[in-house]
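For reference, the chains in residue letters:
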Amino acid sequence: MKIRSMIATAAAVLVTAVLASAPATAAETYTLRLAETWGPNFPIFGDTTKNMAAMAEKMSNGRLKIRIDSANKHKAPLGIFDMVKAGQYDMGHSASYYWKGKVPNTLFFTSMPFGMTATEQYAWFYFGDGMKLMKEVYEPHGLLSFPGGNTGVQMGGWFRKEIKSLDDLKGLKMRIPGFAGEVFSKVGVNPTNIAPGELYTALERGTIDATEWVGPALDLRLGFQQIADYYYTGWHEPATELQFLINEKSWNKLPKDLQEILRVAMRTAAYDMYIQSTDANAKAWATIQQDYPNVKVKTFPDDVIKAMYKANNELLAETAAGDPLARKIIDSQEKYMKDARAYTNISDRAYLNTMYELNKTQ
Ligand code: CA
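Bear in mind that the values here come from a model prediction, so they are computed numbers and not experimental data. (Residues numbered from 1 in each chain as written. Predicted model: local features only at pLDDT ≥ 70, side-chain atom pairs only at ≥ 80, totals over all residues. Heavy atoms only, no water.)

1. Quick look at the pattern of salt bridges
- Counting across every chain of the model gives 19 salt bridges.
- Its salt-bridge partner being E314, residue K310 comes within 3.3 Å of it at the nearest N-O pair. You can see K310 and its partner E314 sitting in helix α12 (residues 302–322), 4 residues apart, about one turn around the helix.
- Judged by its relative accessible area of 54%, K310 falls in the exposed class.
- Among the ionic pairs, E357 bridges to K360, the shortest N-O distance being 3.5 Å. In this pair, E357 and K360 both sit in helix α13 (residues 324–361), 3 residues apart, roughly one turn of the helix.
- Ionic contacts of the salt-bridge type, sharing partners, join the residues K186, K310, E314 and E318 into one network. (Salt bridge = Lys/Arg side-chain N within 4 Å of Asp/Glu carboxyl O. Helix = DSSP H or I, 4+ residues; strand = E, 2+ residues; numbered from the N terminus. Buried < 20%, exposed > 50% of the residue type's maximum accessible area, 1.4 Å probe, protein only.)

Structure below.
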């Protein structure tokens, strides 16, 4: 009896061990549904979600699939935060600053006027406090947020008339959303937000006098170079970072290895978008220079830049005074940028200045 019982116990242990290591769970597949702000086949931004999904599927050997719905399908391009929070979708691809009216502190995780460059901002996200602070903002909503691709420095926009001084901005109607719109409004501009599909007509008919969008690659497609001669350099979105949003419950359902695969796929796709933007902007800018000699690149005059910088600092101070978490994020960004910029100045900036002067004299 005793021996038989021992054998039975041993057999039970063996069966348990076999079940625990059975490959049945390893073959289980997970499908996450992702809603993106962009329409179908939207270049660069839309390539990023497809790239991320393809990488996740390949790296997981088909165990992790991501199904993408573009805006034509879900009909709520600016409803991504709500849909992912409610669990209607597991994931989203959008931009954090779109949620500023809902959760004001989401504003800080896209790009700030007069803020960090893409390299500096990525360093802040991954080696500074960026990811930690973003978690603090999104966690109460049951959401995780990850960097989702960078546009690089955005252009300051297309103007039909040259801006020679601060007076030329008074009463100017311009499409410029977000914090930058508030800054512009403090220096006399009348900012509005218009959907991209209506921008060309609005500018052509004079409903607006100027518009910003992104940079040469995406601007060229909308045709602004045909109706506006002045293309201003940027100040308001020096490093626009898109965002992958994930419902925390959907994330927690994934096994640890698939979480890591998803994390790596998102991070790699974000980096890919940054360099794809550089490539596409360089090509589009060459096209604009060749085919549209009417386009002149301008930088805002000193008095305009100084007034906007002052207005930006006042707005940041008001925002920091009104909310302890906002203050913590603003302080973190300011301190990080100060140190990072001191190095950027003796490295990237010094090198580019050297090359610029050298090429001028060749
Ligand atoms: Ca923009």
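2. Side note on the coordination of the calcium ion
- Taken together, the protein donors to the calcium ion comprise Q154 (OE1), E212 (OE), E212 (OE), W213 (O) and E237 (OE), at separations of 2.3 to 2.7 Å.
- E237 gets classed as buried once you look at its relative accessible area, which sits at 4%. (Donors = N, O, S within 2.8 Å, 3.2 Å for Na, K, Ca; no water.)

3. Things to note about the domain arrangement of the chain
- The domains assigned to the chain are domain 1 (29–151 + 240–279) and domain 2 (157–238 + 295–360).
- Summarising the inter-unit geometry, the C-alpha centres of domain 1 and domain 2 are found 24 Å apart.
- Across the boundary between the two partners, domain 1 contributes 29 residues, which contact 32 residues of domain 2.
- Both faces considered, domain 1 and domain 2 share a buried interface measuring about 2,700 Å² in area, 66% of it formed by carbon and sulfur atoms.
- Our count for the contact surface shared by domain 1 and domain 2 stands at 3 salt bridges.
- Between E182 and K100 there is a salt bridge whose closest N-O contact spans 2.5 Å.
- Viewed at the interface, domain 2 and domain 1 are joined by 13 residue pairs in polar contact (both at pLDDT 80 or more).
- Elements with a contribution of two residues or more to the side of domain 1 that touches domain 2: α5 (118–126) and α6 (130–138).
- Per-element accounting of the side of domain 1 that touches domain 2 gives the leading share, 4 residues, to α5.
- Along the lines of polarity and charge, the residues of the side of domain 1 that touches domain 2 split into 18 nonpolar, 7 polar and 4 charged. (Domains from an automatic or database assignment. Contact = heavy atoms within 4.5 Å. Buried area = accessible area lost by both parts, 1.4 Å probe. Polar contact = N/O pair within 3.5 Å; in protein donor to acceptor, adjacent residues only side chain to side chain. Nonpolar A, V, L, I, M, F, W, Y, C, P; charged D, E, K, R; others polar.)

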